[in-house]
Amino acid sequence: WKNKVADNAKGAGLAVAAGAAAAVGAIGLIVNSQRELIEQQMDVANSLDTTYTSLSNLERAGDLAGVGYEQIIKASQKLQVNIGKAIQGSDAQVEAFDRLGLSAQELYDLPLDKRIAAINTALEQNVQASERAAVAAEIYGAKNGAAMKLLDAEAIAEASKQVELFGLNLSDIDASKVDAANDAMGVFSMGMSGAAKQVTVQLAPAIQAASELFLQAAEDA
């Protein structure tokens, strides 16, 4: 009876250990995938002089308005170039922002989602309906203007609420933690690789001896 209890306890312990290992493995996969996605989005945010949360807001606003994330990024890149040209005094871009009644420098100082919300609000309020497409094309690029006009301030505000509600907004501090984790994972990976190599070296003679014994047994048989 005691042996049976002991065996049952041992089996339960093994099951718990196996379950824990599986859970840890699953969590590891989730963390690794999210770590890579966060790093990629932070790289895009930095290239557009904005924040991780700002891009998350725009991605969700795109979902709500039917505008693809890739198009939002392309339009944002074009917008960044045109704001830079306006700040430097390029005539076409200066005229476009003047028609909106907006300062290019003040727009540049805003997070990207607020830049786009301000531009699209100004398009509705300060530009005649017949001219909005042309001005939007001048700001966002010819292929992006019509789609980007759909990202109005209301859609972006609603997206921002949802992003905050579900914890998708990361601060720069949060993102820096992920970046530090990426560095740590690199060190960890090097350590595991080195340990694996050392184990392989130590086991090599045993593996060779085992293969020779197997070959000898096969020949004897």
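Further up the page is the structure itself.
This is a predicted model, so every value here is computed, not measured. (Residues numbered from 1 in each chain as written. Predicted model: local features only at pLDDT ≥ 70, side-chain atom pairs only at ≥ 80, totals over all residues. Heavy atoms only, no water.)

A. View of the overall build of the protein chain. Helix and strand content of the protein chain: ten helices and zero strands. Tracing the protein chain from N to C terminus, the helices and strands come up as α-α-α-α-α-α-α-α-α-α. Taken across its 221 residues, the protein chain has 27% of its residues classed as buried. For the protein chain, the proportion of contacts with a sequence separation of at least 24, taken over those separated by at least 6, is 67%. (Helix = DSSP H or I, 4+ residues; strand = E, 2+ residues; numbered from the N terminus. Buried < 20%, exposed > 50% of the residue type's maximum accessible area, 1.4 Å probe, protein only. Contact = heavy atoms within 4.5 Å.)

B. Highlighting a nonpolar patch on the surface. Together, Leu 165, Phe 166 and Leu 168 make up a nonpolar patch on the protein surface, roughly 380 Å² of accessible area in all. With respect to the element layout, Leu 168 can be found in the loop between α9 (153-165) and α10 (172-220). (Patch = residues over 30% accessible without salt bridge, like charges linked within 9 Å, V, L, I, M, F, W, Y side chains within 5 Å. Areas by Shrake-Rupley, 256 points an atom, 1.4 Å probe, with all protein chains shown as cover. Salt bridge = Lys/Arg side-chain N within 4 Å of Asp/Glu carboxyl O.)

C. Representation of the environment of Gly 141. Tracing the chain through its elements places Gly 141 in the loop between α7 (129-140) and α8 (145-148). Taking the relative accessible area as the measure of exposure, Gly 141 reaches 7% and is therefore buried. Linking Gly 141 and Leu 79, residues 62 residues apart in sequence, is a C-alpha distance of 7.6 Å. In contact with Gly 141, other than residues within four places in its own chain, are Lys 78 and Ala 136.

D. Summary view of the packing of helix α3 (residues 69-88) against helix α6 (residues 112-126). Interaxial distance between α3 and α6 falls to 12 Å at its minimum, and their mutual angle equals 75 degrees. Judged on the interaxial angle alone, α6 and α3 are roughly perpendicular. Contact with α3, carried on its side by Ser 76, Leu 79 and Ile 83, involves Leu 112, Arg 115, Ile 116 and Ile 119 of α6 and no other residues of that element. Among the residues making up the contact of α3 with α6, the classes are represented as five nonpolar, one polar and one charged. (Axes fitted to C-alpha atoms, helices over the stretch in contact; angles between N-to-C directions. Parallel < 35°, antiparallel > 145°, perpendicular 65-115°, else oblique. Nonpolar A, V, L, I, M, F, W, Y, C, P; charged D, E, K, R; others polar.)

E. Region of the structure containing the packing of helix α4 (residues 91-100) against α7. Where α4 meets α7, the axes come as close as 10 Å, and the angle between the chain directions of the two elements is 130 degrees. Between α4 and α7, the angle falls in the class oblique. As for the relative orientation of α4 and α7, their crossing is left-handed in sense. Together, Ala 92, Gln 93, Ala 96, Phe 97, Arg 99 and Leu 100 of α4 and Glu 131, Val 135, Glu 138 and Ile 139 of α7 make up the contact between the two elements. When the residues that make up the contact of α4 with α7 are grouped by side-chain class, the tally is six nonpolar, one polar and three charged. (Left-handed = near helix turned anticlockwise from the far one by under 90°.)

F. Just the side chain of Thr 50, in detail. Among the structural elements, Thr 50 can be located in the loop between α1 (2-47) and α2 (52-65). Here Thr 50 falls in the buried class, since its relative accessible area comes to 11%. Polar contacts involving the side chain of Thr 50 include one to the main-chain amide nitrogen of Leu 112, which spans 2.9 Å. Once you skip the residues sitting within four places of it in the chain, Thr 50 turns out to touch Ala 45, Leu 55, Pro 111, Leu 112 and Arg 115. (Polar contact = N/O pair within 3.5 Å; in protein donor to acceptor, adjacent residues only side chain to side chain.)

G. Inspection of α6 at higher detail. With 15 residues, α6 extends 21 Å from end C-alpha to end C-alpha; this agrees with the ideal 21 Å at 1.5 Å per step. Residues Leu 112, Asp 113, Arg 115, Ile 116, Ala 117, Ile 119, Asn 120, Ala 122 and Leu 123 constitute the buried set of α6. (Expected span 1.5 Å × (residues − 1).)

H. A look at the pattern of salt bridges. Tallied over the full model, the rule gives three salt bridges. Put simply, Arg 99 and Glu 131 hold a salt bridge, and the shortest N to O gap is 2.6 Å. Within this pair, whereas Arg 99 is found in helix α4, its partner Glu 131 is found in helix α7, the two being separated by 32 residues in sequence. When the shortest N-O distance is used, the salt bridge between Arg 132 and Glu 124 registers 3.3 Å.

I. How the structure looks around the environment of Lys 143. Tracing the backbone through its elements, the reader meets Lys 143 in the loop between α7 and α8. Taking the C-alpha atoms as reference points, Lys 143 and Ala 75, 68 residues apart in sequence, are found 8.4 Å from one another.

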